[in-house]
Amino acid sequence: MKVSVIIPIYNEEKLIRKFLKTLEPVKNKAEILLVDGGSTDRTLALIPGEYTVLHGPKGRARQMNLGAEKSNGDILFFLHCDSEIPEDAIEQIEAVMKRYRAGCFGIAFHSKNIWMKCCQMISNHRIKDRKVMFGDQGIFIRRELFFEMGGFPDLPIMEDYQFSLTLKEMGVRIGIAGKRLYTSDRRFKAGGRLRVMWRMNRMRAMYRRGIDIEEISGLYKDIR
């Protein structure tokens, strides 16, 4: 099974070098596609020519869907630019996909803050208990299933939440990799950890109630 790693990027000059280092152990094991949404900083200049960079309209869902369309993998692995994957990430994914059609990693934070520990625990429990995974957990899925469900919905936010809800409605079981993916707590630092956790829960509740997506999106500030 060939794995395609699809990474949406936008104005990530502060993180892109560190992120690309985390890809070193897997770059010869998988197809890697970085999908830029019109960066205006030095992000693109900092990406070595060995990497394939696609260009499309800004919007995480649109960027990930474009990457999927241009990819060649049997398994699509959607990864955020502020993530840090284990060295054997591809092997971890392949092991899960022997039994499942979709899955993700559990997440962890390098932070020792008690609220981040709580967030980590809640996020990992949510996968097992509610069968809901989010983009920062590194979603992976079989190619044919991804296109069968229409890819990520074209939403300015909550595209990963709705993606998980659709899989759940389809009765697709979610597998979890044996190792965890480390994700950045930069959004929590910028907005106040407890406040951000509360706001994210509120936004999901608003989405479930059918509140206009643009109103919800307005609560999610760009931290770059």
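See above for the structure.
Here is a short report on the structure shown in this document. (Residues numbered from 1 in each chain as written. Predicted model: local features only at pLDDT ≥ 70, side-chain atom pairs only at ≥ 80, totals over all residues. Heavy atoms only, no water.)

Glancing now at the sheet that holds strand S5 (residues 83-84). Read from one edge of the open sheet, eight strands run S3-S2-S1-S4-S7-S6-S8-S5, paired in mixed fashion. Edge positions in the sheet fall to strand S3 (52-55) and S5, since each has one partner strand and no second. Direction of pairing for strand S6 (residues 102-108) relative to strand S7 (residues 139-142): antiparallel, over a ladder of two bridges. Among the inter-strand pairings, Gly103 is bridged to a residue of S7, identified as Phe140. Across the face of the sheet, helix H1 (residues 16-23) comes into contact with strand S1 (3-9), strand S2 (31-36) and S5 while running at roughly 160° to S2. Against the sheet, helix H3 (residues 89-97) makes contact with S1, strand S4 (75-78), S6, S7 and strand S8 (174-183), and its axis sits at roughly 160° relative to S8, the strand it touches most. (Pairing = 2+ DSSP bridges. Helix = DSSP H or I, 4+ residues; strand = E, 2+ residues; numbered from the N terminus. Contact = heavy atoms within 4.5 Å. Axes fitted to C-alpha atoms, helices over the stretch in contact; angles between N-to-C directions.)

As a further point, take the pairing of S2. Within a regular beta strand, the side chains point alternately toward one face of the sheet and then the other, so they alternate between its two faces. For S2, a buried count of six out of six residues is recorded, marking the element as mostly surrounded by other parts of the structure. Here S2 shows a buried face lined by Glu31, Leu33 and Val35 and a second buried face lined by Ile32, Leu34 and Asp36. Two strands pair when backbone bridges link them, and S1 and S2 are joined in this way by six bridges, in the parallel orientation. Across the sheet, residue Val5 finds its bridge partner in S2, namely Ile32. Read as a crossover between parallel neighbours, the route from S1 over H1 to S2 is right-handed. The pairing of S2 with S3 spans four bridges and is parallel. Paired with Leu33 across the strands is Thr52, a residue of S3. (Buried < 20%, exposed > 50% of the residue type's maximum accessible area, 1.4 Å probe, protein only. Right-handed = clockwise from strand over helix to strand, strands pointing away.)

It is worth spelling out the side chain of Gln162 at this point. Mapped onto the fold, Gln162 is located in helix H6 (residues 159-169). Relative accessible area serves as the criterion here: at 18%, Gln162 is assigned to the buried category. With residues near it in sequence (within four places) discarded, Gln162 still touches Pro153, Leu155 and Tyr207.

On to the packing of helix H4 (residues 114-130) against helix H8 (residues 193-208), then. What describes two packed helices is the angle between their axes and the distance between those same axes. Where H4 meets H8, the axes come as close as 9 Å, and the angle between the chain directions of the two elements is 25°. With respect to their mutual orientation, H4 and H8 come out roughly parallel. Two packed elements cross with a definite hand, and for H4 against H8 that hand is left-handed. Residue-level inspection shows Trp115, Met116, Cys119, Ile122, Arg126 and Arg130 of H4 in contact with H8, the latter providing Arg193, Leu194, Met197, Arg204 and Arg208. (Parallel < 35°, antiparallel > 145°, perpendicular 65-115°, else oblique. Left-handed = near helix turned anticlockwise from the far one by under 90°.)

What follows is about a positive patch on the surface. Taken together, the side chains of Arg130, Lys131, Lys168, Arg202, Arg208 and Arg209 define a basic patch exposed on the protein surface. Along the chain, the position of Arg208 falls in helix H8. Owing to a relative accessible area of 52%, Arg208 belongs among the exposed residues under this scheme. (Patch = residues over 30% accessible without salt bridge, like charges linked within 9 Å, V, L, I, M, F, W, Y side chains within 5 Å. Areas by Shrake-Rupley, 256 points an atom, 1.4 Å probe, with all protein chains shown as cover. Salt bridge = Lys/Arg side-chain N within 4 Å of Asp/Glu carboxyl O. Lys, Arg positive; Asp, Glu negative; His and termini not counted. Charge placed at Lys NZ, Arg CZ, Asp CG, Glu CD.)

Tracing the sequence through the fold places Asn65 in helix H2 (residues 60-70). Asn65 gets classed as buried once you look at its relative accessible area, which sits at 15%. Spatially, the C-alpha atom of Asn65 lies 9.0 Å from that of Pro153, the residues being 88 residues apart in sequence. Setting aside residues no more than four positions away along its own chain, Asn65 makes contact with Phe146, Gly151 and Phe152.

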